[in-house]
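Structural characterization, general
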Amino acid sequence: MKYYVFLLMLLGVLWSCEEDDICDEGKSPRMYLKFRNIDEQSAERMDSIYLWRQNTAGDFELYIFKAKTAAEDSVLVPLPIVEVTEAYFVISPKRYDVETRDTLKVDYQRVLDFGSKACGYKVNYLNVNYEISNRFFVGSEVIDTNITDEETPDLLLYY
């Protein structure tokens, strides 16, 4: 008898779920940075990537570290979802070499987008402006000024 009551309750819970009770739309998109060698003939990738992100206290903390064993050509970096309109990052191929550290400033407009009652709101970043110090990176190319997905790169950095 206990098992019938349990099965009946389980069926009731499963039957009461609606389509929008389950979130499959994702979260706020991250900024997609792609790195490319300035020599287009070269397939060489950056050996390692160090990325520091400025926290709410104004200090920089190491956020991404990709080691030499896994040469990378891109990273996905979340922007703040709090009510600020700029973010600061430091990117370098070497951890302790201050001469190769580039500062990346990102200005944007935050736009809230309601997904569903299960997902709630996500933040899209529009009219994004990028400024980089060009110490290690020799150039940059803005690919997308609106960060609304993670499918295509937003900023291409040449080294």
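See the structure printed just above.
These numbers come from a predicted model, not from an experiment. Just so you know, the residues in each chain are numbered from 1, in the order the chain's sequence is written. Reporting in this predicted model follows two pLDDT cut-offs: at least 70 for local features of residues, and 80 or more for side-chain atom pairs to be given and counted; totals over whole chains, interfaces and linings ignore these cut-offs and use all residues. To get the side-chain values, all heavy atoms of the structure are used, and hydrogens and water are removed first.

A closer look at the overall build of the protein chain
Under the scheme used here, helices are H or I runs from DSSP no shorter than 4 residues and strands are E runs no shorter than 2 residues, and both carry numbers assigned from the N terminus. Per the secondary structure count, the protein chain includes one helix and nine strands. Order of helices (α) and strands (β) in the protein chain, N terminus to C terminus: α-β-β-β-β-β-β-β-β-β. Looking at the protein chain as a whole, 31% of its 159 residues are labelled buried. Working rule for contacts: check all heavy atoms of both residues, and any pair within 4.5 Å makes them a contact. Across the protein chain, the fraction of contacts at a sequence separation of at least 24, relative to all contacts at a separation of at least 6, is 54%. Element-wise, carbon and sulfur atoms account for 52% of the exposed surface of the protein chain, whose accessible area totals about 10500 Å². Accessible area is worked out with a 1.4 Å probe on protein chains only. A residue is then buried under 20% of its type maximum, exposed over 50%, and partly exposed in between. All accessibility values rest on the Shrake-Rupley procedure with a 1.4 Å probe; residue burial counts only the protein chains present in the view.

Points about the sheet that holds strand β9 (residues 155-158)
Within the open sheet, the four strands sit side by side as β4-β1-β9-β8. Their pairing is mixed. Strands with a single pairing partner mark the edges of an open sheet, and in this sheet they are β4 (74-77) and β8 (139-142). Mean inter-strand twist for the sheet, computed between neighbouring axes without regard to direction, equals 20 degrees. As defined by bridge partners, strand β1 (residues 31-36) adjoins β4 across four bridges and the pair is classed as antiparallel. Of the residues in β4, the one forming a bridge with K34 is S74. Note on pairing: two strands pair once DSSP finds at least 2 bridges between them. The axes used here are C-alpha line fits, helices contributing only the stretch in contact, and every angle between their N-to-C directions lies in the interval 0 to 180 degrees.

Points about the packing of aromatic side chains
Only Phe, Tyr and Trp rings are paired, with Trp represented by its six-membered ring, and only when their centres lie within 6.5 Å; those with planes under 30 degrees apart are stacked, over 60 edge-to-face, the remainder tilted. Applying the stated criterion across every chain, the model contains seven aromatic pairs. Taking 5.6 Å as the distance between ring centres and 15 degrees as the angle between the ring planes, the aromatic pair formed by F35 and F137 counts as stacked. Separated by 102 residues along the polypeptide, F35 in strand β1 and F137 in the loop between β7 (120-132) and β8 bring together distant segments of the chain. The two residues F35 and F137 agree in class, both being buried. Taken together, a centroid distance of 5.2 Å and an interplanar angle of 65 degrees make the contact between F114 and Y121 edge-to-face. Given a relative accessible area of 47%, F114 falls into the partly exposed group. Through a chain of ring-to-ring contacts, three or more aromatic side chains come together here, namely F35, F136, F137 and Y159. Cation placement over rings: the criterion is NZ of Lys or CZ of Arg within 6 Å of the ring centroid and within 35° of the ring normal. The lysine or arginine in question, R101, covers the ring of W52, its NZ or CZ lying 4.5 Å from the ring centre.

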